[in-house]
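Here's the letter readout for the chains.
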Amino acid sequence: MFNNCPLLALIETKKKTFIVKRICEDHDSQVAIDKTFSDAAEALKKDKTDVVFDGKYTPQSEDMEILVIQNYALPTVIKEALKNPQGLEVYSPVDGALPSIKALFVGEYACKDDQEQYTAAFQKFRNDQYITAARHHLFFTGDTFVKDSRVGITVGTAVDCVIEDGNLYFPSYHYAKQIFDLTDYYRVASSQDVQAFVDSDLITMESSTTFVDAADTWERRKIASINDSGILQNHTAKQIKSLAQKSGVSISVSDGHIVLPTDKKERHIVFGFLDEEVYKGAFSETVFQTNSKRKAR
């Protein structure tokens, strides 16, 4: 897939912007790394069923599925790097310290019939991939381990994301979001949305102001999904409480309002039920909460 492609590093600056630098390799290293990324990219997609990403579903490894964002807007800094990798500044340590790498990647650029095409594979860079002088690195030479104080990086054998035919493929949202900004591709409730939710005719909560400020990304995603579903508009608090009881979930109602728990764990169960991610096992009657969902048919 990748031939004669230099290894590139996506780097986060102190100003929280991103730049790309080229890692200067010898010929044998480049050939080996290109093959590693090619093999890993092909393995990432091989025999997988594409699932359009909406922020609600997480593939399980045994399911042989992969998430895809169609027509993904690849960041300009990466496009420019793939167009002219040899024109990039070379990545090198400064005073023995290495800049903050967000991801390693290799890729190709082509233009056919006035249509730009980018193909690339990305590996989320972990902190343990840095080789620094702060640690003692021992390498086996002859019959002895010798300390080497040089700084460097290690390159893994797997990739976390692949760009191909304008689409972004990834098995794990957790790692993909650490490389790319994916917030435009799923709904997250804003602070105004969260405030409107807790102020709605069907919801009440103690310390709602604190919750609006403290609501995490998971809760904001749930609120957005619940609002989009129309559940609160199409059911009364009494009806929702009755349905929850059938599922083994306890929901408190006061004066026609669902009382959101102040305890985060209990609140997550209520949110999960309202977003149809909590259910009772048909045989054990145990209450389960899923971490994702999509329609079975």
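Below, the structure is looked at part by part.

Cut-off values and rules
Residues numbered from 1 in each chain as written. Predicted model: local features only at pLDDT ≥ 70, side-chain atom pairs only at ≥ 80, totals over all residues. Heavy atoms only, no water. Disulfide = S-S within 2.5 Å. Core = buried A, V, L, I, M, F, W, Y, C linked by side-chain atoms within 4.5 Å. Buried < 20%, exposed > 50% of the residue type's maximum accessible area, 1.4 Å probe, protein only. Helix = DSSP H or I, 4+ residues; strand = E, 2+ residues; numbered from the N terminus. Contact = heavy atoms within 4.5 Å. Phe/Tyr/Trp six-rings, centres within 6.5 Å; stacked < 30°, edge-to-face > 60°. Lys NZ or Arg CZ within 6 Å of the ring centre and 35° of its normal. 1 Å grid on protein atoms, 1.4 Å probe; cavity = no way out; pocket = protein on both sides within 12 Å on 5 of 7 lines; lining within 4 Å. Points joined across faces, edges and corners; volume = space filled by probe spheres on them. Nonpolar A, V, L, I, M, F, W, Y, C, P; charged D, E, K, R; others polar. Axes fitted to C-alpha atoms, helices over the stretch in contact; angles between N-to-C directions. Parallel < 35°, antiparallel > 145°, perpendicular 65-115°, else oblique. Left-handed = near helix turned anticlockwise from the far one by under 90°. Pairing = 2+ DSSP bridges.

Once that is clear, we can look at the state of the cysteines. If you walk through the whole model with that rule in mind, you get zero disulfides. Cysteine Cys5 shares no disulfide, and the gap to the nearest cysteine sulfur, in Cys24, comes to 15 Å.

Before going further, it helps to examine the nonpolar core. Ranked by size, the top nonpolar core spans 29 residues in total, and within it Phe122, Leu168, Phe170, Phe180 and Leu182 carry the most contacts. Among the secondary structure elements, those contributing two or more residues to this core are β1 (7-12), β4 (65-69), α2 (76-83), β5 (101-112), β6 (115-124), β11 (161-164), β12 (167-170) and α3 (173-176). Residues within four places of Leu182 in sequence aside, it is in contact with Ile69, Tyr72, Leu168, Phe170, Tyr173, Ala176 and Lys177. Ranked by size, the runner-up nonpolar core spans 27 residues in total, among them Ala189, Phe197, Val212 and Phe271.

With that out of the way, let us pick up the packing of aromatic side chains. Under the criterion given, the structure shown has 13 aromatic pairs. An aromatic cluster is built from Tyr72, Phe105, Phe122, Phe180 and Tyr185, whose rings are joined through pairwise contacts. Against the face of Tyr175 rests Arg126, its NZ or CZ located 4.6 Å from the ring centre. Cation over ring: Arg221 sits above Tyr186, and NZ or CZ is 5.1 Å from the ring centre.

Let's shift gears to the layout of surface pockets. Reported here for the largest pocket is a volume of approximately 470 Å³. Lining the largest pocket are 25 residues, and of these Gly55, Lys56, Thr58, Tyr173 and Arg221 lie nearest its centre. Only α3 and α6 (217-229) provide two or more residues apiece to the lining of the largest pocket. Ranked by the residues each element gives to the lining of the largest pocket, the list is headed by α6, at seven residues. Looking at the lining of the largest pocket, its residues break down into eight nonpolar, eight polar and nine charged.

Turning our attention to the packing of α6 against helix α9 (residues 264-274). Orientation of α6 relative to α9, taken along the N-to-C sense of each, is 30°, at an axis distance of 9 Å. When the interaxial angle is binned, α6 and α9 end up roughly parallel. When the axes of α6 and α9 are compared, the crossing they make is left-handed. Across the interface between the two elements, Trp218, Glu219, Lys222, Ile223 and Ile226 of α6 pack against Lys264, Arg267, His268, Phe271, Gly272 and Leu274 of α9. The class makeup of the residues in the contact of α6 with α9 is five nonpolar, two polar and four charged.

Looking now at the side chain of Arg267. Assignment of secondary structure puts Arg267 in helix α9. By relative accessible area, Arg267 is classed as buried at 7%.

This part covers the sheet that holds strand β13 (residues 203-204). With respect to topology, three strands assemble into an open sheet ordered β13-β15-β14, the strand pairing being mixed. Edge positions in the sheet fall to β13 and β14 (252-254), since each has one partner strand and no second. Two elements, β13 and strand β15 (residues 257-259), share two bridges in a ladder whose sense is parallel. What sits directly across from Ile203, in β15, is Ile258.

A word on the pairing of β6. Note that β5 and β6 share ten bridges and pair antiparallel. Bridging from a neighbouring strand, Lys112 pairs with Gln115 of β6. One ladder, built from three bridges, connects β6 with β11; its direction is antiparallel. Each bridged residue has a counterpart across the sheet, and for Ala121 the counterpart in β11 is Val162.

Turning our eyes to something else, we now look at the sheet that holds strand β3 (residues 49-52). With respect to topology, eight strands assemble into an open sheet ordered β2-β1-β5-β6-β11-β12-β4-β3, the strand pairing being mixed. The sheet is open, and its two edges are formed by β2 (18-23) and β3, each paired on a single side. The sheet shows a mean angle of 30° between the axes of neighbouring strands, taken without regard to direction. Sheet topology note: the β1/β5 ladder contains four bridges and is antiparallel. Among the inter-strand pairings, Ile11 is bridged to a residue of β5, identified as Ile101. Sheet strands in contact with helix α1 (residues 27-45) are β1, β4, β5, β6, β11 and β12, and its direction is about 85° off that of β11.

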